[in-house]
Each structure stands twice: as structure tokens, then as C-alpha cells.
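# Observations on the model geometry
Single-letter residue listing:
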Amino acid sequence: QVQLVESGGGLVQAGGSLRLSCAASISIFSINAMGWYRQAPGKQRELVVDITSGGISNYADSVKGRFTISRDGAKNTVYLQMNSLKPEDTAVYYCNADVRSGPFYRRRDYWGQGTQVTVSS
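Scope of this entry: the structure provided in the associated data block. These figures come from a predicted structure and were not determined experimentally.

## Describing the overall build of the protein
A count of helices and strands for the protein gives 0 helices and 11 strands. In sequence order, the protein lays out its α and β elements as β-β-β-β-β-β-β-β-β-β-β. The C-alpha radius of gyration computed for the protein amounts to 14 Å, which stays within 12% of the reference 14 Å derived for 121 residues, consistent with globular compactness. Structurally, the protein occupies a C-alpha span of about 50 × 30 × 25 Å along its principal axes. The buried share of the protein, taken over its 121 residues, is 42%. The contacts of the protein with a sequence gap of at least 6 include a subset with a gap of at least 24, amounting to 55%. Taken as a whole, the protein presents about 6,500 Å² of accessible surface, with 48% of it coming from carbon and sulfur.

Below you can see the structure in the form of C-alpha cells.
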């Protein structure tokens, strides 16, 4: 069982910045990948960015150059720095842990509670 606790959402004007944090209950380096997803009203949840235990990150095209994922192993925390925010970034942001186990390297996903990010125009 992995618990993820998020913080850092809020209301910001377009062009502003926010930083989200996701604290895991286990070592983040024992997790295959950690990432941030978001879900806007009426839309499907989508990947924003993820990072593997080896440090390889994968960004959605819509956030490249504006968002940055980072991590602090000592705190078992992953961060999402969001700059140049746009109204279309408004969504609930969820932290995700992709945990693999067993002889077939089976994937199990864990989710944080979600944090609201609202960008006003």
C-alpha cells in the first residue's frame, strides 16, 4: 500500500506560477514511476508528466517548457513546478505512483486525493 499526500494547489492569475508537492509513504526510488495527471470538468484524466525511478521524464506537449517535475529522495516527495500558467491548465491535479510487483511485473496505480488548480484570465 502506497499513500500519496498532495499539497500546493490554489487560485492564480494567468502567467503566474504554482508548485505542487506529493509526499509518498515509501521511498520514491522503489516506485517504477511517479507522475502528475489532471482532470478538467467534463474531460478525461490526462497525463501531465511522469518520471521513472531512473530519472527519465515524459511531458505532455501542452506543458513542455512551462512545467517541471522534480523529486527529493530524502523527503520521498515529487514536485511539479508550474510556470506561465494558462486558464486551460485549470483542473484537479492528481499525483500517481506506478508500482510494479510480482513475477510478471504487474502494475498497480496509487493516487493522491487531488488538488485544485484554478487559473483565472
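## Structural notes on the sheet that holds strand β3 (residues 18-24)
As summarised here, the arrangement of the 4 strands in space is β1-β3-β8-β7, forming an open sheet in which the pairing is antiparallel. Each of the sheet's edge strands pairs with one partner strand only, and the pair in question is β1 (4-7) and β7 (67-72). Put simply, the sheet's adjacent strands are angled 15° from each other on average, direction ignored. Two elements, β3 and strand β8 (residues 77-82), share 6 bridges in a ladder whose sense is antiparallel.

## Structural notes on unusual backbone geometry
Most of the time, phi is negative for any residue but glycine, and the peptide bond is trans. Positioned with a positive phi, Asn76 is a non-glycine residue whose angle comes to about 50°. Here Asn76 is to be found in the loop between β7 and β8. Backbone geometry at Ser84 places phi at a positive 50°, although glycine is not the residue there.

Reading guide: rules and limits
Residues numbered from 1 in each chain as written. Predicted model: local features only at pLDDT ≥ 70, side-chain atom pairs only at ≥ 80, totals over all residues. Heavy atoms only, no water. Helix = DSSP H or I, 4+ residues; strand = E, 2+ residues; numbered from the N terminus. Rg over C-alpha atoms; globule rule 2.2 N^0.38 Å. Buried < 20%, exposed > 50% of the residue type's maximum accessible area, 1.4 Å probe, protein only. Contact = heavy atoms within 4.5 Å. Areas by Shrake-Rupley, 256 points an atom, 1.4 Å probe, with all protein chains shown as cover. Pairing = 2+ DSSP bridges. Axes fitted to C-alpha atoms, helices over the stretch in contact; angles between N-to-C directions.

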